[in-house]
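Structural features, examined
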Amino acid sequence: MKNHLSDRINSMSTSATLAMAAKARELKSEGKDIIGLSLGEPDFNIPEFIKEAAKEAIDQNYSSYSPVDGYADLKQAIANKFKRDNNLTYGLNQIVVSTGAKQSLANIAMVMLNHGDEVILPAPYWVSYSDIVKLAEGVPVEVPTSIDTDFKMTPAQLEKAITPKTKMIWFSSPCNPSGSVYSKEELEGLAEVLRKHPNIFVVSDEIYEHINFKGNHVSIANIDGMYDRTVTVNGVSKAFAMTGWRIGYIGGPEWIAKACTKFQGQNTSGANAIAQRATIAALDAPVSSIKFMIDEFHKRRDIVLELLGEIEGFNLNVPEGAFYVFPDISSFFGKTLNGTTINNASDFSLYLLEHANVATVTGEAFGNKNCIRISYAASEKELREAIARIKAVL
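Residues numbered from 1 in each chain as written. Predicted model: local features only at pLDDT ≥ 70, side-chain atom pairs only at ≥ 80, totals over all residues. Heavy atoms only, no water.

Scanning the protein for helices and strands turns up 13 helices and 14 strands. At 21 Å, the protein has a C-alpha radius of gyration in line with the 21 Å of a compact globule built from 394 residues. Its C-alpha atoms give the protein principal-axis dimensions of roughly 60 × 55 × 50 Å. Once local pairs closer than 6 in sequence are excluded, the contacts in the protein between residues at least 24 apart make up 74%. (Helix = DSSP H or I, 4+ residues; strand = E, 2+ residues; numbered from the N terminus. Rg over C-alpha atoms; globule rule 2.2 N^0.38 Å. Contact = heavy atoms within 4.5 Å.)

Of note, lysine 134 is situated in helix 6 (residues 129–135). Note on lysine 134: relative accessible area 43%, which makes it partly exposed. Distance from lysine 134 to alanine 109, taken between C-alpha atoms, is 9.0 Å for residues 25 residues apart in sequence. (Buried < 20%, exposed > 50% of the residue type's maximum accessible area, 1.4 Å probe, protein only.)

If you trace the 7 strands from one edge of the open sheet to the other, you get 2-8-7-6-5-3-4, paired in mixed fashion. The open sheet is flanked by strand 2 (95–98) and strand 4 (139–144), the only strands paired with a single partner. Sheet twist, expressed as the mean angle between neighbouring strand axes with direction ignored, is 20°. Packing against the sheet, helix 9 (residues 254–265) makes contact with strand 2, strand 6 (201–205), strand 7 (230–235) and strand 8 (248–251), and its axis sits at approximately 30° to strand 2. (Pairing = 2+ DSSP bridges. Axes fitted to C-alpha atoms, helices over the stretch in contact; angles between N-to-C directions.)

Position of glutamate 26 relative to the elements: it lies in helix 2 (residues 16–29). Residue glutamate 26 is classed as partly exposed on the basis of its relative accessible area, which comes to 40%. As a C-alpha pair, glutamate 26 and valine 218 span 192 residues in sequence and 40 Å in three-dimensional space.

For the rest of this paragraph, the subject is the packing of helix 5 (residues 101–112) against helix 9. Contact geometry for helix 5 and helix 9: axes closest at 9 Å, N-to-C directions at 105°. The pairing of helix 5 with helix 9 is recorded here as roughly perpendicular in orientation. In this structure, helix 5 uses Gln103, Asn107, Ile108, Met110, Val111 and Met112 to contact helix 9, whose residues at the interface are Trp255, Ile256, Ala259, Cys260, Phe263 and Gln264. Classifying every residue of the contact of helix 5 with helix 9 gives 9 nonpolar, 3 polar and no charged. (Parallel < 35°, antiparallel > 145°, perpendicular 65-115°, else oblique. Nonpolar A, V, L, I, M, F, W, Y, C, P; charged D, E, K, R; others polar.)

This part is about the sheet that holds strand 9 (residues 324–325). Across the sheet, which stays open at both edges, the 3 strands sit in the order 9-14-13 with antiparallel pairing between neighbours. Each end of this open sheet is capped by a strand with a single partner; those strands are strand 9 and strand 13 (361–362). Taken together, the 2 bridges between strand 13 and strand 14 (residues 372–375) define a ladder with antiparallel strand orientation. Residue pairing in the sheet places valine 361 in a bridge with arginine 373 of strand 14.

In this section: the nonpolar core. Counting 107 residues, the largest nonpolar core has Ile108, Met168, Trp170 and Phe240 as its most contacted members. When residues in this core are grouped by element, the largest group, 8 residues, is from helix 11 (residues 291–308). When near neighbours in sequence (up to four residues on either side) are disregarded, phenylalanine 240 contacts Ile46, Pro47, Ile50, Ala282, Leu283, Ile290 and Met293. (Core = buried A, V, L, I, M, F, W, Y, C linked by side-chain atoms within 4.5 Å.)

Here it is as structure tokens:
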């Protein structure tokens, strides 16, 4: 009974992406031919060398509890990766391995936020940021952006959003859901504002760093004055197609890392032992080992933009990373299609599910009421069929 549950859980939203995926699975089980473009999950198989590392770990009997903050040799592989790919130097005492980057984010929120602390979220933002902040008794402060600025927050917007209660800013680049990538110049602009406010910390979610069609990912921790106040979050779910293996990690100030380890020790303890051993192989490999996936995502992006561009009413920009497009579909608001009135992005997303058998996610879940998120982490055949269906019902 709901009245016996905590206020904490009763006030929490259900993840919109997971809810849409569950709805799509339910309809599939009823025999409907649903094409799922709602989940951010690569459709590739894990590279064989990573699988072999996992098998070897099983044979070597890695079956005991792992250290709370991760195996030392995995943390060394993470440190090497940070240096190689991001030019960031983190000692092992600055790194914590968790059960997915989502847990890494939750750890940070729980050890950094007190009741009423404000966290700036450039919108659109990843669906779970807001509720993770609320769970830690923080206050999410949305800064709306638009398709006209490629969904990126400007320094002026950041400055305007800062109050005496501002404790942190969280953002992702490449961004889920928009695919936007902040350039070095844009990050320097944000850093210039933050240098005037030395007590504000940054969470930089870089889980999509390798799925970057510009080819020059920049970490804000590399910008002058930002290293000691930035927590860099990453993991192996997206670039290595290891979503179910649940390994994420952070690099940041030692005192934050120690606090995250303390919290994790009372929460879940160490991450899965076999997955950690496989992650060493993934991170030790050159980025070229996963380039085939990145090239395929790039190709799919161009196909999706071309096909969606043929549908009147879709306002599109060109995302430079991740594997999403985030079209503005507000031109459909107020219209009636096949007897269904479209009042908002949620109505539009449900309309596509019910009439086109295509699962997308409403932009309202990401802090943007005018857009929907379409994942192109699906085969070219599925993408072409899905967009043909969408075009037909519009």
